[in-house]
Amino acid sequence: MSDQKSKAARDKPEKIRCEACPVMCFVAEGKLGACDRYANEGGKIVRCDPLTVLDRRIAAGDEIRPFLKSEWDGSLVNDGDLFVSAVGAGTTYPDYKPAPFIISREVDGADFVTVVTEAIYSYCGVKLKIDTDRHLGPEGAVVRAAGEVIGLVVTSEYGSQMMSLGGVGHLTGGSKVEGRVTCDALMRLCNKEAVELTIDGGVQIIVQAGQPPIIDGKTEHRMRVGCGSATIGMFASQWEGLVDEVVVVDDHITGVVSEHQAGKVLGWKDTGIRIRGRRSTPGRYFQVAEPGLGWGGTDIDDPLNILNDWSPKKGAVPGLSLLMVSTTGEHSGFYVLDDDLVPKKQDMPKALLASVELIAENCEPALCNVLFAAGAGGSLRSGVTQNPVRLTRSVQGLKTNVTCGGAPAYVFPGGGITIMVDVMKMPDNSFGYVPTPALVAPLEFTLLREDYVALGGHDEAIRELADVLEFGGEYGDAVRAVPANDTPQPHKLGKK
Ligand code: SF4
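Throughout, a residue's number is its position along its own chain's written sequence, starting from 1. Owing to the predicted nature of the model, reporting of local features is limited to residues with pLDDT of at least 70; listing and counting of side-chain atom pairs is limited to 80 or more, with chain, interface and lining totals taken over all residues. By convention in this description, side-chain values take in all heavy atoms of the structure and omit both hydrogens and water.

### Quick word on the sheet that holds strand E11 (residues 142-145)
Phase 1: Strands sit in the order E17-E16-E15-E14-E11-E12-E13-E10-E25-E29-E28 across an open sheet of 11 strands; the sheet is antiparallel. On the outer flanks of this sheet lie strand E17 (218-219) and strand E28 (410-411), each paired with one strand and no other.
Phase 2: On the sheet, helix H3 (residues 176-190) packs against strand E10 (124-131), E11, strand E12 (148-157), strand E13 (160-166), strand E14 (195-199), strand E15 (204-207) and strand E25 (368-375) and is oriented at approximately 50° with respect to E12. At least two DSSP bridges between two strands are needed for those strands to be called paired. Secondary structure elements are taken from DSSP: a helix is a run of H or I of four residues or more, a strand is a run of E of two residues or more, and numbering for both begins at the N terminus. In what follows, a contact means two residues having at least one pair of non-hydrogen atoms within 4.5 Å. As a rule, the C-alpha atoms of each element are fitted with a line to give its axis, helices using only the stretch in contact, and angles between N-to-C directions run from 0 to 180 degrees.

### Here we look at the packing of aromatic side chains
Two descriptors summarise a pair of aromatic rings, namely the distance from one centre to the other and the angle between the planes of the rings.
Phase 1: In this analysis, rings of Phe, Tyr and Trp, with Trp reduced to its six-membered ring, are considered paired at centre separations within 6.5 Å, and the interplanar angle assigns stacked below 30 degrees, edge-to-face beyond 60, and tilted for intermediate values. Under the definition given, this model contains five aromatic pairs.
Phase 2: Relative to Tyr 475, the ring of Tyr 38 lies with its centre 5.1 Å away and its plane at 70°, an arrangement referred to as edge-to-face. Of this pair, Tyr 38 sits in strand E3 (residues 38-41) while Tyr 475 sits in the loop between helix H9 (465-471) and strand E33 (479-483), and the two are 437 residues apart along the sequence.
Phase 3: For Tyr 475, a relative accessible area of 10% translates into the label buried.
Phase 4: An aromatic cluster of three or more residues is present, and its members are Tyr 121, Phe 372 and Phe 431. Throughout this description, buried means an accessible area under 20% of the type-specific maximum (1.4 Å probe, protein chains only), exposed means over 50%, and partly exposed covers the range between.

### Description of the side chain of His 260
Phase 1: In this structure, His 260 sits in the loop between strand E19 (254-256) and helix H5 (261-266).
Phase 2: Whenever two N or O atoms come within 3.5 Å, that pair is a polar contact, provided that in protein one can donate a hydrogen and the other can accept it, and provided that, for residues adjacent in sequence, both atoms are side-chain atoms. A distance of 3.0 Å separates the side chain of His 260 from the backbone nitrogen of Ala 262, its partner in a polar contact.
Phase 3: Each residue touching His 260, except ones within four places of it in the same chain, is listed here: Ser 229, Ile 232, Gly 233, Pro 282, Gly 283 and Arg 284.

### Details of the pattern of salt bridges
Phase 1: For salt bridges, the criterion is a side-chain nitrogen of Lys or Arg within 4 Å of an Asp or Glu carboxyl oxygen. With the rule as written, the count across this model stands at 16 salt bridges.
Phase 2: For Arg 224, the salt bridge identified is with Asp 250, shortest N-O distance 3.0 Å. Taken together, the residues span a long stretch of sequence, with Arg 224 in the loop between E17 and helix H4 (228-239) and Asp 250 in the loop between strand E18 (245-249) and E19 at a distance of 26 residues. Across the pair, Asp 250 and Arg 224 agree in class, each one buried.

### Things to note about the confidence of the model for the protein chain
Phase 1: Values of pLDDT, which run from 0 to 100, indicate the predictor's confidence residue by residue. In the predicted model, the protein chain carries a mean pLDDT of 91, and the fraction of residues at 70 or more is 91%.
Phase 2: The low-confidence segment residues 487-492 (pLDDT under 50) makes 14 contacts with residues lying over four places distant or belonging to another chain.

### Concerning the sheet that holds strand E23 (residues 332-337)
Phase 1: Pairing within the open sheet is mixed, and its seven strands lie in the order E20-E21-E19-E18-E22-E23-E24. At either end of the open sheet lies a strand with only one pairing partner, and these are strand E20 (278-281) and strand E24 (343-346). Looking at each pair of strands side by side, their axes are set apart by 30° on average, direction ignored.
Phase 2: Sheet contacts for H4: E18, E19, strand E21 (284-286) and strand E22 (321-326); angle to E18, the most-contacted strand, approximately 150°.
Phase 3: Set on the sheet, helix H6 (residues 350-361) makes contact with E22 and E23; between it and E22 the angle comes to about 20°.

Right, dumping it as structure tokens:
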């Protein structure tokens, strides 16, 4: 029996340890580690995704293809056509060891170094910008995925609703399930997948980077042209002579042309219109209704609900015409006052219809934008330099350029290296995770070689680009090429 056991033990494939993150998985031959990003291939831990090179010679929209070494000669690798992103590069753990790739490149006669790693982020999240006028939920409302709290509704911006999702509090500060669900939702959003969210006291919404939001099952098409007041400002002259009064219904600022400065300058006559709501300045009203999914982000289906009785003393007369329209042109109605000064709906005159269509035409498509925000100022700096604060200072001093999968990262002012990047500019499926839980995202630092040496960089680990493309790194030698996006030009760096 004991012989049988020991034979079984002998036949069992040996597991080897992946050391690319603190989880330290033991991975059997032919199997994947817990994050699905590393595998045991022939007794060696390899990164499942190839190292991704951004290639300016591939036009946007062209196929991604394996990097064919036969397609480039030595000279091309020095002219900035190729940029080795960190997608597929792997992570070196613990951080004091040099990053997976530290690559030397010569561009325009200057020596540059790009340090490439897939960073593991516990401090990270997503800022969502959702183009819609509709009321998604009150500011401060909790946002959930799969029933777990993963973030908050924050401010309304101009035509968009912002949300802040993730962050270390949800990843590590709540229950295990909360952390796992948060990590999964962030990763899928960053990988440009559709994610369903629910907002306490608000709507159910499907969000996907670069796609229109779907709110309570209805696809949003247009981002508003402006607030109600701005719409009056833009189009007042187009309505002149076609209609006696125009009201642009908006949850934030409803505009009334006869009272608005734009109308006054054009000589618009008083109409005796009276709007419910709080008058801010002439022709601009707040809180005409409750927020909702109706006209202009209000809860109303009938725009006449925002009107009080008309005043004959101030110009209301039978036959006076009125256009009511929303800020996207999605809702509109034409009315004429009857003998009792009550507005009655009528068919929209063709000329006015054209002005409504012009509002719609001036609306941009409604999209969801996903911005990944993270703190890169922690221990990963040791993979770049033995003196981490010098990297921080170099980034803050604009001597080191920070990119994520080749996409330019905005670096927040002040201490640390807190970055934000538009995931649409990054290669597809740039993001992964580790079960700690934390997100994994590509990160590159590019700087002049002399500056790299001066900040205590791992000089001995610098390799030529051609060598990297030929032989790969610790986690394999597979390379693929994708079209370059906004990869920054190294020659813009280091200018004093
Ligand atoms: S979770 Fe992934 S990166 Fe971490 S040790 Fe396991 S296989 Fe390696």
